[in-house]
Amino acid sequence: MARITDRSLSTKVQEKNVWLYDDAANKGHGELCARLTTGGSRRFYFRYTGPDGQRIRLPIGAYDPTATSGLTLKEARARAGELSLLHQSGVTDIKGHLEAEKRLRDSERAAEEARLEAERLSAERAASRLTIQGLFDKWAAVQLRSEEHTSELKSPNKISYA
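Every chain is numbered on its own, with residues counted from 1 as its sequence reads. Given that the model is predicted, a residue must reach a pLDDT of at least 70 before its local features are reported, and side-chain atom pairs must reach 80 or more before they are shown or counted; all residues, however, enter totals for whole chains, interfaces and linings. Excluded from the side-chain calculation are hydrogens and water; included are all heavy atoms of the structure.

S.K.: How would you explain the pattern of salt bridges if you had to name every residue and give the values?
M.R.: Close approach of charged atoms lets side chains of opposite charge pair. For salt bridges, the criterion is a side-chain nitrogen of Lys or Arg within 4 Å of an Asp or Glu carboxyl oxygen. Applying the stated criterion to the full structure yields ten salt bridges. Here Asp 106 ties to Arg 109 by a salt bridge, and the two come within 3.1 Å at their closest N and O atoms. Of this pair, Asp 106 and Arg 109 both sit in helix H3 (residues 94–128), three residues apart, which is roughly one turn of the helix. Residue classification places Asp 106 among the partly exposed residues on the basis of a relative accessible area of 30%. Of the charged contacts in the structure, one is a salt bridge between Arg 120 and Glu 117, with a shortest N-O distance of 2.4 Å. With Arg 120 and Glu 117 both in helix H3, this residue pair falls three residues apart, about one helical turn. Comment: elements are numbered from the N terminus, with helices defined as DSSP H or I runs of at least four residues and strands as E runs of at least two. To sort residues, take the accessible area from a 1.4 Å probe on protein chains only and compare it with the maximum for the residue type: under 20% means buried, over 50% means exposed, and anything in between is partly exposed.

S.K.: Hey, could you go over the nonpolar core for me, with residue numbers and the actual values?
M.R.: To define a nonpolar core, start from buried Ala, Val, Leu, Ile, Met, Phe, Trp, Tyr and Cys residues and group those joined through side-chain atoms within 4.5 Å. Of all hydrophobic cores here, the largest spans 18 residues; its most connected members are Leu 9, Leu 32, Phe 44, Phe 46, Ile 60, Leu 73 and Ile 94. The contact criterion used is simple: two residues touch if any of their non-hydrogen atoms lie within 4.5 Å. Ignoring any residue separated from it by four or fewer positions in sequence, one finds Leu 9 in contact with Ile 4, Leu 20, Ala 34, Leu 36, Arg 42, Phe 44, Tyr 63 and Leu 73.

S.K.: Tell me about helix H2 (residues 73–88), and please be specific about residues and values.
M.R.: Here H2 spans 22 Å end to end across 16 residues, near enough to the 22 Å set by a 1.5 Å rise per residue. Among all positions of H2, only Leu 73, Ala 76, Ala 80, Leu 83, Ser 84, Leu 86 and His 87 are buried. Projected down its long axis, H2 shows its buried positions confined to an angular sector of 155 degrees, all on one face. Within H2, the exposed residues directed more than 90 degrees away from the buried face are Lys 74 and Leu 85. Residues of H2 that are buried in the fold lie against helix H1 (6–9), strand E2 (31–36), strand E3 (42–49), strand E4 (55–62) and H3. To estimate the expected span of a helix, subtract one from its residue number and multiply by 1.5 Å. What the arc covers is the set of directions going from the helix axis to the C-beta atoms.

S.K.: Could you give an account of the pairing of E2, naming the residues involved and the relevant values?
M.R.: Two faces, one strand: in a regular strand the side chains alternate between the faces of the sheet. The buried fraction of E2 is high, at five of six residues. Where strand E1 (residues 18–21) meets E2, four bridges bridge the pair, whose relative direction is antiparallel. In the strand pairing of E2, Leu 20 is matched with Ala 34. In this structure, E2 lies alongside E3, joined through six bridges in antiparallel fashion. Strand pairing is defined by DSSP finding a minimum of two bridges between the two strands.

Spelled out as structure tokens, the structure:
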């Protein structure tokens, strides 16, 4: 096997899908591979041996040499290296491990959103409660406005000193 190159990823596939495998730097701890389809799709995978001895291909991402909508070859190698280190550390079910991490992140995010929503509701409730001073100010504004309005109606010959 040889290393996957940008040139090998850009070759046209004629009849059937082609799998390219990178030289595994850490033998026995997974490797980067790429799938080239006849439709032009290029996807990276991390291939490793699971806890039951089966070969598992874990999707890493789509190939994009410009890195606008996918991964460059360098980024895919880096991600495969991270997954290989994870495998070396004793995590043999990488897919299950990554799913558990995602569930944990999702639950932490949901808890943070719930906390922020509770804070917002608490602040709204506190803002809606009037203090005695606030209640008095509101009453005074309404009462004085109505008194000014009624006094204008009662005295049409009001003298202005302006």
